[in-house]
Amino acid sequence: MEAGSVQPVQRIGVPREVFPGEKRVATVPEVVEKLIKLGFTVAVEAGAGEGANVSDDAYRAVGAEVVSDAAALWAGSDIVFKVRPPSADEVAHMREGSALIGFVWPAQNPELMQQFTAKKATVLAIDCLPRTLSRAQKMDALTSTAGVSGYRAVIEAANAFGRFFNGQITAAGKVPPAKVFIAGAGVAGLAAIGTAASLGAIVRANDTRAEVADQVVSLGGEFVKVDYEEEGSGGGGYAKVMSEGFQAAQREMYAKQAREVDIIITTALIPGKPAPKLITAEMVQSMKPGSVIVDMAAEQGGNCELTVPGQAVVVHGVTIVGYTDLPSRLSKQSSTLYATNLLRLTEELCKAKDGVINVNMEDDAIRGLTVVKDGAITWPAPPLKAAPAPAPKAAAPVVEKKSGHGHGSSAPMPAKTLAILFAVAAVLLWFVGAYAPAAFLGHLTVFVLACFIGYMVVWNVTPALHTPLMSVTNAISSIIAIGALVQIAPPEMGTAGRPDEVIRWLAFAGIVLTAVNMFGGFAVTRRMLAMFRK
């Protein structure tokens, strides 16, 4: 390309998904508007959004072109947005040198990878995004999809279950809450925990990664630990294959839960391997009649031995749901989230907003996504470079403690000095007691006690707890307010009993300040507590 020449704006094509039962679409009208603002033109195959309740007219209204011929759309697009991996026929229609962005699963589709190389294509597999990069979270379609699947799994369980999720006491009798056990507390599992808990069920969950226990509890579940010590984090947000000893202890725990709970939802997956078998036929047989199992790993073989992928079957009175299209059953929501993920990726690829993508292989996130570059297979990506270790901080100079009691010394006060201070304080108190009026002594005593109580209650408390203690310290303010009222209107209303005008005004100022403190303290505490309410 000659210097100064402008590369033509690229066209993004969005074909209709051809996988049986797939209702999602790779982009939605709200995102099309933003893609056009980045400089691209957008073409959508007619009927592509029907399954997600998006009409062709909705795409036209935001500036997209609607194309009726799928082959023409593939051949005329510089970039293709897809949800499912393309079929062999779809790849055959690709323009040579064009780009594809979507789920590809390169490990499971080696023949598809060879077809891409023949087309000299550039392929960005959204499923290969390095999930450990914090800046990649906005592009993480796996997380978005898993969250939808976890929610939908609970809905499917509720549909197949013959009772309420929440416990109820009615005129017709008492209904116990459903007991739900969730195997795997990744993104999908956490979404399922939150949904089931919000429906009122008693939720238990287990995961090989011990660090998710707090997340389970925070969502209203109970973390069930396997009685075997082994760390199960496999990196990248996934679990690893556990040892035989751990698996035996885990099976024992699952067998116990199967006998007790009403619903089991399994989410366990290990990248590049078949789904681990967690629920045996014997466990299914031990479950109560009417129980439900939702196997979210059905597409990878299932976590239950009796799962039939794509179907819901009844075995031993237990309904086993093995649907492989859970995200597609919430097609509108799934499509919107997925389209947003692709938009964020496109923004990274087109930072100049000139309608042309730049696949920068120096960018860790883009490098991880790119499985084919200009016809050359680049998958798997090299391991991410470890972040440089922070430079060690210079050791703080050691300050020698002074043997005396000078400034900055942390040594205890010598007994001689302490005795002198007590002697001086005693002399001062004797002087005050000998010459001050009797009323003043009473005020002085109250003042000293108030200072002592204030120090013990407020200054002796950890600073982080000052805000929660606001309401408690208001009690001290109320005591001050009562004292000030007494000074303004003493019991003796004669001339001798009236306070000095200076004391009167000081008491009035004390009432004003403590009133502000009391009402403000309660207001702040109320707002703070409201943050923790749903």
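Here the structure is shown first, and the text comes after it.
Below or above, wherever it landed, is the structure these notes cover. (Residues numbered from 1 in each chain as written. Predicted model: local features only at pLDDT ≥ 70, side-chain atom pairs only at ≥ 80, totals over all residues. Heavy atoms only, no water.)

Running from N to C, helix α6 (residues 141–160) and helix α7 (residues 187–198) point in directions that differ by 40 degrees, and their axes come no closer than 7 Å. Compared by their axis directions, α6 and α7 come out oblique. The chirality of how α6 crosses α7 is right-handed. The residues of α7 that touch α6, namely those facing Thr143, Ala146, Gly147, Gly150, Tyr151 and Val154, are Val187, Ala188, Ala191, Ala192, Thr195 and Ala196. The residue inventory of the contact of α6 with α7, partitioned by class, reads eight nonpolar, four polar and no charged. (Axes fitted to C-alpha atoms, helices over the stretch in contact; angles between N-to-C directions. Helix = DSSP H or I, 4+ residues; strand = E, 2+ residues; numbered from the N terminus. Parallel < 35°, antiparallel > 145°, perpendicular 65-115°, else oblique. Left-handed = near helix turned anticlockwise from the far one by under 90°. Contact = heavy atoms within 4.5 Å. Nonpolar A, V, L, I, M, F, W, Y, C, P; charged D, E, K, R; others polar.)

Another aspect to go through is the pairing of strand β16 (residues 312–315). Pairing of β16 with strand β17 (residues 318–321) involves four bridges; the strand directions are antiparallel. Bridge pairing in β17 links valine 315 to valine 318. (Pairing = 2+ DSSP bridges.)

Our focus in this paragraph is the sheet that holds strand β2 (residues 41–45). Taken in spatial order, the eight strands make up an open sheet running β3-β2-β1-β4-β5-β6-β18-β19, and their pairing is mixed. Edge positions in the sheet fall to β3 (65–67) and β19 (376–377), since each has one partner strand and no second. The pairing of strand β1 (residues 11–14) with β2 spans four bridges and is parallel. Counted as the bridge partner of valine 14 is valine 44 from β2. Each of β5 (99–102), β6 (122–125), β18 (370–373) and β19 is contacted by helix α5 (residues 110–118), which is oriented at about 40 degrees to β18, the strand it contacts most.

With that out of the way, let us pick up α7. Spacing of three or four residues puts side chains on the same side of an α-helix, whose turn is 3.6 residues. Compared with an ideal rise of 1.5 Å per residue, which puts twelve residues at 16 Å, α7 spans 17 Å between its outermost C-alpha atoms and is within 8% of the ideal. For α7, every residue scored as buried is listed here: Ala188, Gly189, Leu190, Ala191, Ala192, Ile193, Thr195 and Ala196. Residues of α7 that are buried make contact with α6, β9 (179–183), β10 (202–206), α8 (213–218) and β14 (263–266). Where α7 ends, the next residue or the one after it, glycine 200, has phi of about 100 degrees, a positive value. (Expected span 1.5 Å × (residues − 1). Buried < 20%, exposed > 50% of the residue type's maximum accessible area, 1.4 Å probe, protein only.)

A separate point is the nonpolar core. In this structure, Phe81 and Leu345 are the most contacted members of the largest nonpolar core, which totals 45 residues. Only β1, α1 (29–37), β2, β4 (79–81), β5, α6, α11 (331–349) and α12 (364–369) provide two or more residues apiece to this core. Sort the elements by how many residues they give to this core and α11 lands first, with six residues. Phenylalanine 81 has contacts with Ile12, Gly13, Val14, Pro15, Ala26, Leu35, Ile101, Leu342 and Thr346, leaving out every residue within four places of it along the chain. With 30 residues, the next largest nonpolar core counts Ala146, Leu190, Phe223 and Met296 among its residues. (Core = buried A, V, L, I, M, F, W, Y, C linked by side-chain atoms within 4.5 Å.)

For the rest of this paragraph, the subject is unusual backbone geometry. Of note, the bond from tryptophan 379 into proline 380 is cis; its omega dihedral lies within 30 degrees of zero at 0 degrees. Within the secondary structure layout, proline 380 lies in the loop between β19 and α13 (415–435). In this structure, lysine 353 is a non-glycine residue whose phi angle is positive, near 55 degrees. By secondary structure assignment, the location of lysine 353 is in the loop between α11 and α12. Since its relative accessible area comes to 57%, lysine 353 is described here as exposed. With phi around 50 degrees, aspartate 374 is a residue other than glycine that occupies positive phi space. With respect to the helices and strands, the residue aspartate 374 is situated in the loop between β18 and β19.

Moving on to the packing of α6 against α11. Remark: α6 packs on α11, axes separated minimally by 9 Å, with the N-to-C direction vectors making an angle of 165 degrees. Relative to α11, the element α6 lies roughly antiparallel. Two packed elements cross with a definite hand, and for α6 against α11 that hand is right-handed. Residues Ala141, Ser144 and Val148 of α6 pack against Gln333, Ser334, Leu337, Tyr338 and Asn341 of α11. In terms of residue class, the contact of α6 with α11 is built from four nonpolar, four polar and no charged.

Taken as a whole, this structure holds 23 salt bridges when the rule is applied. One salt bridge connects arginine 84 with glutamate 22, and the closest N-O pair in it is separated by 2.8 Å. Here arginine 84, found in the loop between β4 and α4 (88–92), pairs with glutamate 22, found in the loop between β1 and α1; they are 62 residues apart in sequence, far enough to count as distant. For glutamate 22, a relative accessible area of 10% corresponds to the buried category. Here arginine 329 ties to aspartate 325 by a salt bridge, and the two come within 2.9 Å at their closest N and O atoms. Arginine 329 sits in the partly exposed class, given a relative accessible area of 31%. Each member of the salt-bridge network shares a partner with another, and the members are Arg135, Lys138, Glu348, Lys351 and Asp363. (Salt bridge = Lys/Arg side-chain N within 4 Å of Asp/Glu carboxyl O.)

The residue glutamate 45 is located in strand β2 in this model. Notably, glutamate 45 is buried but unbridged: the nearest opposite-charge side chain belongs to arginine 16, and the N-O separation is 6.1 Å. The contact partners of glutamate 45, leaving out residues within four places of it in the chain, are Val14, Pro15, Arg16, Asp56, Val67, Ala70 and Leu73. (Lys, Arg positive; Asp, Glu negative; His and termini not counted.)

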